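Tertiary structure, described
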Amino acid sequence: MISRADRIFGCLIGLVFADAVGSRFEGVDPVQLRSQFSDKLSAFEYASNRGGLQYTDDGQMALAIAEHLAENTTIVSEALMTRFVNVYEPWRGYGRGARVLIEAFRDKADYEFMAEHLFPGGSLGNGAAMRSAPIGLRFMGDTNRILEEAKSSAWPTHRHELGIEGAQLIAVAASLAASESSIDPVMLADSLLPLCSTVVFQNRLARLREVKSDVDIEQFGNGIEAHESVVTALSCFALYPQDYQKAVATAIWQGGDTDTIGAMTGALVGAHVGPSFSTEIPIERLEEGQEFIKYVRELADRLAG
Ligand code: RVK
Ligand code: MG
Ligand code: MG
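Presented here is an overview of the structure given in this document. Just so we're clear, the structure is a prediction, and the values are computed from it rather than from any experiment. (Residues numbered from 1 in each chain as written. Chains lettered and ligands numbered in written order. Predicted model: local features only at pLDDT ≥ 70, side-chain atom pairs only at ≥ 80, totals over all residues. Heavy atoms only, no water.)

**Let's talk about the overall build of the protein chain**
Within the protein chain, the regular secondary structure consists of 16 helices and zero strands. For 305 residues, the compact-globule estimate of 2.2 N^0.38 gives 19 Å, and the protein chain sits close to it at 17 Å. On the principal axes, the C-alpha backbone points of the protein chain span a range of 50 × 45 × 40 Å. Across the 305 residues of the protein chain, 59% fall into the buried class. A sequence separation of at least 24 residues applies to 74% of the contacts in the protein chain between residues at least 6 apart. (Helix = DSSP H or I, 4+ residues; strand = E, 2+ residues; numbered from the N terminus. Rg over C-alpha atoms; globule rule 2.2 N^0.38 Å. Buried < 20%, exposed > 50% of the residue type's maximum accessible area, 1.4 Å probe, protein only. Contact = heavy atoms within 4.5 Å.)

Quick look at the structure:
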């Protein structure tokens, strides 16, 4: 039996490690990536063992959500935004819109107007989905609650329906990852599709049902937009739900937004298998090593409590 605290730790450390490893290839053309390495696991291993491993905005914001949920019974969008501002380290690499909004909120500029209008209809970037997995573990099994909380977590920076729905899908997928004994493309698609209100995600999830091997993943994209990356990560998880290294290596092998597709995939596998995978990868190379791992462990315990 894997405890809830272990699943939360697996999810958080799985997310942060994949973010850090994936960030080494951020923006790379998959053709170039595939010509540089003999296979996906070689690319994953190379990036895992080179230089210091630091998480990016994906890890920073996901940890902020976990902290917020450890201290509050529900997500309050404005309080969460305050937390995003407090932990904000721009050098980690943020999406353009997220950066503008965090700084506007911090500087008491016209933040509300910008959140609505910086992009047409609000942001549909994958920045809300990359950080939402902990919500699924906190409210595991309560789908309506997860949908509502994921929306509140997206709201500070992402108001477009695709940006919000991306966050909802990853959060519900994390709940399924933690509660279902067996995951595959058909069950994941059948569970998530009825929850979607956008045709864009409905179409993609219908195609997720048919995914059988790595070549089938490429159709889902590798971009910074929620709809060009969320189903890609869901596919990587659904094909390799028990194998952290293979799942995250497959995510990174897509090129493009590798840190984020990796982070979403790593969070889901970690929620499914717990932290057992961490003995096979150099997690102690993350941030300040054991001290950071201890911090994430304690955060997971607080969130589970
Ligand atoms: C740097 C058209 C839109 C749009 C809309 C585009 C970090 C913009 C993480 C925007 C992730 C970009 C990523 C990202 C997370 C958004 N119409 N285009 N309605 N809405 N876009 O800025 O937090 O890496 O080009 O809100 O979602 O690792 O700049 O940021 O990869 O999507 O950034 O959306 O980004 P933002 P985010
Ligand atoms: Mg990032
Ligand atoms: Mg990214």
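**Considering the coordination of the magnesium ion (ligand 2)**
Surrounding the magnesium ion (ligand 2) are the protein donor atoms Thr-56 (OG1), Asp-57 (OD), Asp-58 (OD) and Asp-259 (OD), at 2.1 to 2.3 Å. Look at where the donors of the magnesium ion (ligand 2) fall in the sequence and you get T-D-D-x200-D. Taken as a pair, the magnesium ion (ligand 2) and the magnesium ion (ligand 3) lie 3.6 Å from each other and share Asp-259 as a ligand. In this pair, Thr-56 sits in the loop between helix H3 (40–48) and helix H4 (57–71) while Asp-259 sits in helix H15 (residues 258–273), placing the two residues 203 residues apart along the sequence. The exposure class of Thr-56 is buried, given its relative accessible area of 6%. Overall, Asp-259 belongs to the buried group, its relative accessible area being 1%. (Donors = N, O, S within 2.8 Å, 3.2 Å for Na, K, Ca; no water.)

**Brief notes about the side chain of Ser-229**
Its place among the elements puts Ser-229 in the loop between helix H12 (199–208) and helix H13 (230–239). The residues touching Ser-229, leaving out its near neighbours within four places in the chain, are Asn-126, Phe-220, Gly-223, Ile-261 and Met-264.

**Side note on the nonpolar core**
In terms of nonpolar packing, the biggest core is built from 107 residues, with Leu-188 and Leu-234 touching the most fellow members. The greatest single-element share of this core, amounting to 11 residues, is contributed by helix H1 (residues 4–22). The residues touching Leu-188, leaving out its near neighbours within four places in the chain, are Ala-173, Leu-176, Leu-208, Leu-234, Phe-237 and Ala-238. (Core = buried A, V, L, I, M, F, W, Y, C linked by side-chain atoms within 4.5 Å.)

**Some points on unusual backbone geometry**
In this structure, Lys-108 takes a positive phi of about 55° despite not being glycine. Position of Lys-108 relative to the elements: it lies in the loop between helix H6 (96–106) and helix H7 (111–117). Residue class for Lys-108 comes out exposed when judged on its relative accessible area of 75%.

**Some words on the environment of Asp-57**
With respect to the helices and strands, Asp-57 occurs in helix H4. Taking the C-alpha atoms as reference points, Asp-57 and Gly-127, separated by 70 residues in sequence, lie 8.4 Å from one another. Excluding residues within four positions of it along the chain, Asp-57 makes contact with Arg-92, Gly-93, Tyr-94, Gly-95, Met-130 and Asp-259. Side-chain polar atoms of Asp-57 contact the side chain of Thr-56, separated by 3.0 Å. (Polar contact = N/O pair within 3.5 Å; in protein donor to acceptor, adjacent residues only side chain to side chain.)

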